[in-house]
Amino acid sequence: MDQNCIFCRIAAGTMPAKELYRDDEVVVFNDINPQAPFHALVIPVKHLATLNEAEAVDQAVLGKLMLVAKQVANAAGYPDYKVQMNCGKGAGQIVFHIHLHVLAGRMSHKEVG
Ligand code: AMP
Ligand code: ZN
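Calculation rules
Each chain has its residues counted from 1, running along the sequence as written. Chains carry letters and ligands carry numbers; both start at the beginning, A for chains and 1 for ligands, and go up in the order they are written. In keeping with the predicted nature of the model, local features appear solely for residues at pLDDT of at least 70, side-chain atom pairs appear and are counted solely at 80 or more, and the whole-chain, interface and lining totals rest on all residues. Side-chain metrics rest on all non-hydrogen atoms present in the structure, leaving aside hydrogens and water. Labels follow the DSSP assignment, with helices taken as runs of H or I lasting at least four residues and strands as runs of E lasting at least two, numbered in each case from the N terminus. The size measure is the radius of gyration over C-alpha atoms, and the globule rule it meets is 2.2 Å times the number of residues to the 0.38 power. Only protein chains enter the accessibility calculation, which uses a 1.4 Å probe; a residue whose area is less than 20% of its type maximum is buried, one above 50% is exposed, and one in between is partly exposed. We call two residues contacting when some pair of their heavy atoms lies within 4.5 Å. Per-residue and other accessible areas were derived by the Shrake-Rupley procedure at a 1.4 Å probe size, with only the shown protein chains allowed to occlude residues. Coordination partners: N, O, S within 2.8 Å of the metal, 3.2 Å for Na, K and Ca; water not considered, so apparent gaps in a site are possible. Key to geometry: four donors with every angle between 85 and 135 degrees are tetrahedral; four donors are square planar and six octahedral where opposite donors lie over 155 degrees apart and all remaining angles lie between 65 and 115; all other sites are irregular.

Colleague: I would appreciate a short explanation of the overall build of the protein in the present structure.
Modeller: Per the secondary structure count, the protein includes 2 helices and 5 strands. Listed N to C, the secondary structure of the protein is α-β-β-β-α-β-β in terms of helices and strands. Computed over its C-alpha atoms, the radius of gyration of the protein comes to 13 Å, within 12% of the 13 Å expected for a compact globule of 113 residues. Expressed as lengths along the three principal axes of its C-alpha atoms, the size of the protein is roughly 35 × 30 × 25 Å. Every one of the 113 residues in the protein was classed for burial, and the buried ones make up 37%. Long-range pairs, those at least 24 residues apart, make up 51% of the contacts in the protein between residues at least 6 apart in sequence. As displayed, the protein offers around 6700 Å² of accessible surface, 53% of which is attributable to carbon and sulfur atoms.

Colleague: Please clarify how the coordination of the zinc ion (ligand 2) should be interpreted in this entry.
Modeller: Coordination angles at a metal have ideal targets, namely 109.5 degrees for four tetrahedral donors and 90 or 180 degrees for six octahedral donors. Coordination sphere of the zinc ion (ligand 2), protein contribution only: Cys-5 (SG), Cys-8 (SG), His-47 (ND1) and His-97 (ND1), at 2.0 to 2.3 Å. Its 4 donor atoms give the zinc ion (ligand 2) angles of 104 to 116 degrees at the centre, a pattern that matches the tetrahedral case. Binding-site remark: the zinc ion (ligand 2) is held by donors from one chain whose sequence spacing is C-x2-C-x38-H-x49-H. Here the residue His-47 occupies a position in the loop between strand E3 (38-44) and helix H2 (59-75), and His-97 occupies one in the loop between strand E4 (82-84) and strand E5 (100-104), the gap between them amounting to 50 residues. Residue His-47 is classed as partly exposed on the basis of its relative accessible area of 26%.

Colleague: Got a minute to help me understand the environment of Val-42 in this structure?
Modeller: With respect to the helices and strands, the residue Val-42 is situated in strand E3. Placed 14 residues apart in sequence, Val-42 and Ala-56 show a C-alpha to C-alpha distance of 20 Å. Residues in contact with Val-42, not counting those within four places in the same chain, are Val-26, Val-27, Val-28, Leu-65, Val-68, Ala-69, Ile-98, His-99, Leu-100 and Val-102.

Dropping the structure here:
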């Protein structure tokens with residue numbers, strides 16, 4: 001838990017978010033600035049700043065992010081959706097706690113960030 005990280009604070013429940021899913025390892029909440037009718041962020045509870053910090057020990061939770069992304073998109077009525085992760089400032093990452101963007105609904109085929 002990094003006290004200065006907003007997504008750690010959402011994972012800890014000390015910062016409010018519109019949560020769609022939560023378990024011991026993964027939390028999903030609506031993006032505060034949605035780029036599509038459905039725009040959720042899927043995060044691990046464990047603080048990893050970027051994908052570059054992930055190691056073999058993180059393999060299971062990284063895979064779980066994808067399965068939870070599928071679950072929340074399907075549960076919201078979207079069999080078709082995009083999943084995106086930005087890694088590093090140059091790729092548009094602004095929050096340095098790993099997250100998958102899950103986007104669905106009316107949208108162009110544009111990337112986030
Ligand atoms: P990225 O550019 O991949 O780092 O994306 C960060 C995303 O986090 C952006 O889409 C923001 O709109 C979103 N975001 C930032 N702060 C919050 C927050 N407190 N609650 C929900 N989403 C947030
Ligand atoms: Zn964090």
